[in-house]
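Chain and residue survey
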Amino acid sequence: MNLAGIKGKVVARGDEEYEESAYQYAFSSHEELVQPAAIIYAQDDDDVIYAIKMARENNFSLAVRTGGHQYSAASSTFGNNIQLDLSRTYTDFNWEDADHTVLTLGVSIPLGKFQSKIMKKGRFVPTGQCSYVNLGGHVQSGGYGQLIRSFGLLADHVLKVRIITADGQARWVDRSIPADKPLLYAILGGSPGNFGVLTDVTLKLLRDEDHDKSRGFRAMIPYSKDALKNLLDVMVKQDLTDDTAADYDFCVTVMGGRKAENKPAAIVVFAQALGGKSKMTPYDGVYVDDEPVKISELCSHWLFPISREFQLPYYKCTYMSNSRASELQSKDWTEWVTERMDDLESKSEEHQTFLSAQFQYAGGKHSTYRTEGAKNITSLSWRDSTFGCSLDAFYNGEGLPKARAKAWTEKNTADGVGHANAVFSAQDRRLLWGSFDTNLPDQRTKYYDQAPGKYDTLSKLKVDIDPHFVFTPNTFSVGPIPDRIRNKEPHGHIAIFDHAVKHARDVLACKKGPLCLEE
Ligand SMILES: Cc1cc2nc3c(=O)[nH]c(=O)nc-3n(C[C@H](O)[C@H](O)[C@H](O)COP(=O)(O)OP(=O)(O)OC[C@H]3O[C@@H](n4cnc5c(N)ncnc54)[C@H](O)[C@@H]3O)c2cc1C
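Residues numbered from 1 in each chain as written. Predicted model: local features only at pLDDT ≥ 70, side-chain atom pairs only at ≥ 80, totals over all residues. Heavy atoms only, no water.

Our next topic: the sheet that holds strand β6 (residues 102-106). Taken together, 5 strands build an open sheet; the order of strands is β5-β6-β10-β8-β9 and the sheet is antiparallel. Every interior strand has two partners, whereas the edge strands, β5 (93-95) and β9 (170-174), have only one. Each neighbouring strand pair of the sheet contributes to a mean axis angle of 15 degrees, computed without reference to strand direction. As judged from the 3 bridges shared by β5 and β6, these two strands associate in the antiparallel manner. Counted as the bridge partner of Asn94 is Thr104 from β6. Along the sheet, helix α3 (residues 111-119) makes contact with β5, β6 and β10 (197-204), crossing β5 at roughly 25 degrees. (Pairing = 2+ DSSP bridges. Helix = DSSP H or I, 4+ residues; strand = E, 2+ residues; numbered from the N terminus. Axes fitted to C-alpha atoms, helices over the stretch in contact; angles between N-to-C directions. Contact = heavy atoms within 4.5 Å.)

Once that is clear, we can look at the domain arrangement of the chain. Accessible area lost upon the coming together of the parts is a frequently used measure of interface size. Taken as a whole, the chain is organised into domain 1 (10-88 + 456-509), domain 2 (93-209) and domain 3 (212-286 + 310-447). Inter-centroid distance (C-alpha atoms) of domain 2 to domain 3 is 25 Å. Between domain 2 and domain 3, the contact holds 27 residues from the first and 34 residues from the second. Counting each side, the surface lost to burial between domain 2 and domain 3 is near 2400 Å², with a carbon and sulfur contribution of 53%. Summed over the three residues of domain 2 that lose the most area to domain 3, namely Tyr144, Gln146 and Arg149, the buried surface amounts to 35% of that side. (Domains from an automatic or database assignment. Buried area = accessible area lost by both parts, 1.4 Å probe.)

A few words on helix α8 (residues 295-302). Those residues of α8 lying buried are Ile295, Ser296, Leu298, Cys299 and Trp302. Each buried residue of α8 sits inside an arc of 155 degrees when the element is viewed along its axis, so together they form one side. (Buried < 20%, exposed > 50% of the residue type's maximum accessible area, 1.4 Å probe, protein only. Arc of directions from axis to C-beta.)

The sheet built from 6 strands is open, its strands ordered β12-β14-β13-β16-β17-β15 with antiparallel pairing. Looking at the sheet topology across the chains shown, the edges are occupied by β12 (215-222) and β15 (314-321). The average angle at which neighbouring strand axes cross in this sheet is 10 degrees, direction not considered. As paired elements, strand β16 (residues 353-361) and strand β17 (residues 387-395) share 9 bridges and run antiparallel to each other. Looking at β17, one finds that Phe359 is bridged to Cys389. Against the sheet, helix α10 (residues 333-346) contacts β13 (248-255), β16 and β17, and its axis sits at roughly 155 degrees relative to β16. Contacts between helix α13 (residues 400-416) and the sheet are confined to β15, β16 and β17, with β17 contributing the most and set at about 165 degrees to the helix.

Taking the UniProt record as the reference, the feature "domain: FAD-binding PCMH-type" (unreviewed entry) is found at residues 32-208. Across residues 32-208 one finds 23% helix and 25% strand; the C-alpha atoms that close the span lie 46 Å apart. (UniProt positions renumbered as here; feature names shortened; annotations may be inferred.)

Residues in contact with the ligand amount to 32 residues; listed here are only the nearest, Val64, Thr66, Ser75, His138 and Tyr144. A distance of 2.9 Å separates an oxygen atom of the ligand from a polar backbone atom of Asn134. A distance of 2.8 Å separates a nitrogen atom of the ligand from a polar backbone atom of Leu198. Notes on the ligand: free accessible area 950 Å², of which the protein chains cover 97%. In terms of residue count, the dominant contributor to the shell around the ligand is helix α4 (residues 135-141) (5 residues). When its residues are assigned to classes, the shell around the ligand shows 13 nonpolar, 18 polar and 1 charged. (Near = heavy atom within 4 Å. Polar contact = N/O pair within 3.5 Å; in protein donor to acceptor, adjacent residues only side chain to side chain. Areas by Shrake-Rupley, 256 points an atom, 1.4 Å probe, with all protein chains shown as cover. Nonpolar A, V, L, I, M, F, W, Y, C, P; charged D, E, K, R; others polar.)

By the element assignment, Ile465 lies in helix α15 (residues 453-465). Through-space distance from the C-alpha of Ile465 to that of Trp408 is 41 Å; in sequence the pair is 57 residues apart.

Turning our attention to the packing of aromatic side chains. How two aromatic rings sit relative to each other is given by the distance of their centres and the angle of their planes. This model, assessed by the stated rule, comprises 21 aromatic pairs. Considering the side-chain rings of Phe310 and Phe354, the 5.7 Å spacing of their centres and the 40 degrees angle between planes classify their relative orientation as tilted. Of the two residues, Phe310 is situated in the loop between α8 and β15 and Phe354 in strand β16; the sequence distance between them amounts to 44 residues. Each of the two residues, Phe310 as well as Phe354, counts as buried. Three or more aromatic residues joined by ring pairs make a cluster, and in this case those are Tyr25, Tyr71, Tyr144, Phe310, Tyr314, Phe354, Tyr369, Phe394 and Trp433. Seen from the ring of Tyr314, Lys316 lies directly overhead, with NZ or CZ sitting 5.5 Å from the centre. (Phe/Tyr/Trp six-rings, centres within 6.5 Å; stacked < 30°, edge-to-face > 60°. Lys NZ or Arg CZ within 6 Å of the ring centre and 35° of its normal.)

A few words on helix α7 (residues 225-237). In a regular helix each residue adds 1.5 Å, so 13 residues correspond to 18 Å; α7 covers 18 Å between its end C-alpha atoms and thus fits that length. All buried positions along α7 are accounted for by Ala227, Leu228, Leu231, Leu232, Met235 and Val236. (Expected span 1.5 Å × (residues − 1).)

Following both chains from N to C, one finds α7 and α10 inclined at 145 degrees, their axes separated by 9 Å at the closest point. Along this stretch, α7 crosses α10, giving a crossing that reads as right-handed. Across from Lys225, Leu228, Lys229, Leu232, Asp233, Met235 and Val236 in α7, the residues of α10 making contact are Trp333, Thr334, Glu335, Val337, Thr338, Glu339, Met341 and Asp342. Residue classes in the contact of α7 with α10 are distributed as 7 nonpolar, 2 polar and 6 charged. (Left-handed = near helix turned anticlockwise from the far one by under 90°.)

What follows concerns the pattern of salt bridges. With the rule as written, the count across this model stands at 40 salt bridges. For Lys9, the salt bridge identified is with Glu17, shortest N-O distance 2.5 Å. Asp343 is paired through a salt bridge with Arg340; the nearest N and O atoms lie 3.8 Å apart. In this pair, Asp343 and Arg340 are both assigned in helix α10, 3 residues apart and thus about one turn of the helix distant. Each of Asp99, Arg123, Arg207, Glu209 and Asp210 takes part in one network of salt bridges that share partners. (Salt bridge = Lys/Arg side-chain N within 4 Å of Asp/Glu carboxyl O.)

Have a look at this one:
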């Protein structure tokens, strides 16, 4: 086989552009896992299929990267394995119906652009809160955001996805076709990128006009421990009854301060009510705008236009909990968690460790997060959870700052989750989007409920669909991990790949495109 068939750009280890091309969000914290033998910027389906064929025939794996936001570096790889970058490949955007409620779009579209396009038609759908996250990973890791109780996750609104699997075939996997259900279940919640390359997704969107009483606000206030505790107490109280209407969402974000980045510490509060059942009342003389606002417009305020919280490496931890309000109150969780955060924030400059945190209520028997989860269309776990919490520490320096950040997160985990006396959750419940492990099989019971049943089902499907482990580029993967990945084979030479790089460069140099390729 001649490997000159790649049309897109190829950057190999050792090339001048390598560092810049391999860089992604997790690089600062997991550098050893972000060292692909090469990065192929696939130009189209043909390049993807070609790369799959190369991987199968030469026994290496492909890491798929679209937006590059995965916290544990799961979209990169090392050794002789190759990264397939789709950041500019799949950008089509097609309305499927006159009412603009069914949309098919490419996965290489960032959330900010996606939301602004659907807002123009008065349409919305739940998503996460970072403008630069791409749909490729986001749709598979769930899409957890401000609309979680009212409308569930982005993945709950997927009608079908187009995927290129390890046999080199492109196919649509459709929610309405019974035979497709197992694969769709695996794609939406199995480890993203483990089942093939997603190229497009068809979504069912929601309409502003169906929620004409919707209201909401985003408020930013200076950081104070007391204010934070009060806000978290308000959040916990929502769960005093299981019957809280699913028309209300409330999220608290803490942005720690850092002088070097000119950032003062602040608390951001997001709230929205769909009208009817929940009331937004003025609090302690604070004016609350209770005028209706279109949800699509509110959604534009839920996005943060920042690509990372601090320009620093991190220890990040996201946990879910199924504790009810009464239990959190009896364990004084809000006092504990504000104390933990204040411990980091109050010494941030002295210790060079910086706080980022987020809290959200997802519970109640009417919560769409729960009711959609019960349909088992996706394999995303912990759909009976009440609260979610992210506690992240960034650090400036490999010595003490790193050790302090690590110790801080380890104490949060040790005291907060995983045992009967834990302050937040007796079960240690983790999410794919907020992963902080790099070995999924070892930690399977934390990422997959119904364990080992669900994890085993996903692993079996993985072996059936990808018997050569083309899409197992690292240990954050379901199914058996091949020795070459588990043992982290050292960087070697893929002679046949060198050939591909050379020819790809020759093609670029002669500017005749694929026509000048040899056979
Ligand atoms: C600053 C920041 C804020 C975030 N906020 C939120 C939030 O509010 N809510 C939330 O739910 N998540 C959030 N996330 C997590 C983010 O949604 C997930 O990591 C998401 O999977 C990223 O998708 P990506 O394409 O940008 O990243 P990538 O790193 O490219 O991909 C993530 C995973 O999906 C796989 N993948 C990517 N593209 C494809 C494809 N085309 N085909 C097959 N597999 C693919 C990758 O292999 C990898 O495992 C945040 C992340 C960051 C860094």
